[in-house]
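Geometric and topological summary
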Amino acid sequence: MSGDHHHEPSFIRKYVFSVDHKVIGVQYGITALSFLFLGFCLMMLMRWQLAYPGEKMPYIGNIFGEAAMPGGVMLPEFYNSLGAMHGTIMIFLGVVPLLVGAFGNYVMPLQIGAPDMAFPKLNMMSYWVYFVGGVVMITSFFVPGGAANSGWTSYPPLSDIATAGQTWWLFGMVCLITSSLLGSVNFIVTIIQLRVEGLTMFRLPFFVWAQLITSFLLLLAFPPLEAAGVLQLMDRLAGTSFFLPEGLVVSGVLQTQISGGGSPLLWQHLFWFLAHPEVYVLILPALGIVAEVIANNTRKPLWGYRAMIYSTIFLGFMSFIVWAHHMFMTGMGTKISAFFATTTMIISIPSVVILTALVISLYQGAIRFTVPMLFALAFLPMFAIGGLTGLPLGLPAADIHLHDTYYVIGHFHYVVAPGTIFAIFAGIYFWYPKVTGRMLNSTLGYIHFFFSFIFINIVFMPMFWQGMAGVSRRLYNQTVYAHGDAVQSLTVMSSWGAWMLGLAQIPFIINFFISRFAGKKVSNNPWHATTLEWLAPSPPPHGNFETVPVVYRGPYEYSVPGASEDFNPQHVTTEACSSVS
């Protein structure tokens, strides 16, 4: 009988269909990093077309076939598919699964002292539904007509009459949304119910708070888009007209088979009701990672810990009443425009509070310029640039001129690329020794950081000037403008920055895989950190902790006067932390 309870699970059960939150976190991490790499490659293809429109792509131009790139020259339809899939892959298959699925799954249960997630099988199902959704989306490149080509926002009526790839995109999105809903329920229950003794809500690390608020955003914002996805599938497959108006004309032909009566604006409302909270689904876990790294590497507590938590809660609430600032061009009227412009200005306040608290936390800190700290420090000005450039887009008078220009691309990418993705790198370098028991190589890490920081700004900074010059974000050839030569020089600079940024990731890729076997072995707590995940062995065993920890203090007690060390772990009693002198 005892043998039945203690038999070793098979390889498939242990590493493929695992219910261990750590294995699932690693699965999310490897899968999402792979999707990020693919999405980045799609962007580099787009940058060739923008920099050298109508020219044959060297070396690889012929591998995409005559339907996409006849003679190695990119067609507009293929460019549209690359744009739609790049945005979808980077956000829904890359960044969110990394921040929530990988970091959240692996680190959060350790930080609250839990042996696993509240619903392990639900956790496993969440990953595999995400994986299936990703495979469906990528497979759409090989169906007749190619992948979705209606933009990552999938606006009807174009998306309702697009090629078959759009149907695959919708099926993939339904899977991804279902995965996020399963995961968010699991996270909320785990954080509320499985905290160890002494770990009150205001002793939680800020990273856990960020994951909790993010889970509520996913739980409340994703269902409208899932419903919208199903309705759009009905329009495409069952002849309904939820988003198709009467009198639709396509290429000069009246679509008499469409019953009509639908509203394309309905899709926009349902999409942006999800997609604006989705922005904070990207930002909040990133802020959580940066907070952990800054507290550890300044050797002092986070300044304004409670103010940061209250700001995060307020930010989550406000994110649900700003969505229509994406829709000022739809003619919603001045009163409604004024309401959404006002809420957009208000939502900037908690973001500034959190960012300011992180900056003040640096003051008089004994800063250690480790690789994760460099990425965390770079996050602060990059995220600030993204936020400040977003303010004009929240005001109708300015947005009417900047809407759908490269200014919007620059703004959003400063939040997500040098912002959020830098936070992801900070988290990888910070928690890699906990996951593997080995350190990443610091020299390769410094090379990765400095070149990434330089080239990522070369990619996105010129876009603000392009946008203010009126360059449309959806054109596959920008030389059509009267001032095309001046604009094109900025485009070429962005493209070369993108390709060099790709080369700058090679040290990271080498480091990531080589260090798994050849990296320096570490103790349980190589960073001398205070939170509970550093109590567990590196890597943690099944069940995480040898004994169930008890928490005696807050998460960031660094450099406490009178203490024998400059860090007081949460699980160590006051007597053990006191100075022996």
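Scroll up to find the structure.
Everything in this summary refers to the structure shown in the same document. Everything numeric in this text was worked out from a predicted model, so none of it was measured. (Residues numbered from 1 in each chain as written. Predicted model: local features only at pLDDT ≥ 70, side-chain atom pairs only at ≥ 80, totals over all residues. Heavy atoms only, no water.)

A word on the overall build of the protein chain
Formally: For the purposes of this entry, the term helix denotes a DSSP run of H or I that reaches at least four residues, the term strand denotes a run of E that reaches at least two, and both are numbered from the N terminus. As a reference, a globule follows 2.2 Å times the number of residues to the power 0.38, and the radius of gyration itself is taken over C-alpha atoms. Exposed residues in this analysis have more than 50% of their type's maximum accessible area, buried residues have under 20%, and partly exposed residues fall in between, with area computed by a 1.4 Å probe over protein chains only. Residues are treated as being in contact if the distance between any of their heavy atoms lies within 4.5 Å. Charge assignment: positive for Lys and Arg, negative for Asp and Glu; neither His nor the chain ends contribute. Charged side chains are reduced to one point each, which is NZ for Lys, CZ for Arg, CG for Asp and CD for Glu.
Tallying secondary structure elements over the protein chain gives 17 helices and two strands in all. Here the C-alpha radius of gyration of the protein chain, 24 Å, is about what a compact globule of 581 residues would show, namely 25 Å. With the C-alpha coordinates aligned to their principal axes, the bounding extent of the protein chain is approximately 85 × 60 × 55 Å. Of all 581 residues assigned to the protein chain, the portion counted as buried reaches 57%. Within the protein chain, contacts between residues separated by at least 24 positions form 77% of all contacts whose residues are at least 6 apart in sequence. Of the charged side chains in the protein chain, 22 are positive and 23 negative; the average position of the first set lies 8 Å away from that of the second.

Some words on the environment of M500
Within the element layout of this structure, M500 appears in helix α15 (residues 484-504). The exposure class assigned to M500 is partly exposed, which follows from its relative accessible area of 31%. Between the C-alpha atoms of M500 and I456, which are 44 residues apart in sequence, the distance is 8.8 Å.

Description of the pattern of salt bridges
Our working rule: Basic side-chain nitrogens of Lys or Arg form a salt bridge, by our definition, when they fall within 4 Å of a carboxyl oxygen of Asp or Glu.
Considering all chains together, one arrives at five salt bridges under this definition. Across the pair R299 and D566 runs a salt bridge whose closest N-O atoms are separated by 2.9 Å. Here R299, found in the loop between α8 (264-298) and α9 (305-318), pairs with D566, found in the loop between α16 (506-518) and α17 (574-577); they are 267 residues apart in sequence, far enough to count as distant. Between D404 and R474 there is a salt bridge whose closest N-O contact spans 3.7 Å. Remark: R474 occurs in the loop between α14 (442-468) and α15 and D404 occurs in the loop between α12 (396-402) and α13 (406-436); sequence separation between them is 70 residues. In this structure D404 comes out as partly exposed when scored by relative accessible area, which is 29%. One network of salt bridges, in which partners are shared, links D404, R473 and R474.

A closer look at helix α6 (residues 165-193)
Heads up, the rule is: Expected span, for any helix, means 1.5 Å times one less than how many residues it has.
Relative to the 42 Å expected for 29 residues at 1.5 Å per residue, α6 spans 42 Å between its end C-alpha atoms, a close match to the ideal helical length. Counting buried positions along α6 yields 21 of 29 residues, so the element is predominantly enclosed.

Focus: helix α7 (residues 206-237)
Put simply, the test is: Fitting axes to the seven residues ending at a residue and to the seven starting there, one defines the bend at that residue as the angle between these axes.
For α7, with 32 residues, the first-to-last C-alpha span of 45 Å sits near the 46 Å given by 1.5 Å per residue. Along α7, the sharpest kink reaches roughly 35 degrees, centred on F222 and followed within four residues by the proline P223. Of all 32 residues in α7, 23 are buried, a share of seventy percent or more. Where α7 ends, the next residue or the one after it, G239, has phi of about 80 degrees, a positive value.

Remarks on the packing of aromatic side chains
Our working definition: Each aromatic pair joins two rings of Phe, Tyr and Trp (for Trp, the six-membered one) with centres within 6.5 Å, and gets the label stacked for planes under 30 degrees apart, edge-to-face for over 60, and tilted for any other angle. Any Lys NZ or Arg CZ found within 6 Å of a ring centre and within 35 degrees of that ring's normal is scored as a charge over the ring.
Summed over all chains, the structure comprises 52 aromatic pairs. Judged by centre distance (5.3 Å) and plane angle (75 degrees), the ring pair of W128 and F131 falls under edge-to-face. Of this pair, W128 and F131 both sit in helix α5 (residues 120-139), three residues apart, roughly one helical turn. Relative accessible area serves as the criterion here: at 30%, F131 is assigned to the partly exposed category. A ring pair is formed by F339 and F340, whose centres lie 5.1 Å apart and whose planes are at 80 degrees; its orientation type is edge-to-face. For F339, a relative accessible area of 43% puts it in the partly exposed group. By relative accessible area, F340 is classed as buried at 7%. Taken together through their ring pairs, the aromatic side chains of F375, F422, F425, Y429, Y432, F449, F450, F453, F508, F512 and F513 make up a single cluster. Here R306 stacks its cationic end above the ring of F202, 4.0 Å away from the centre of that ring. Here the guanidinium or amino end of R516 rests over the ring plane of F517, the centre of that ring lying 5.7 Å away.

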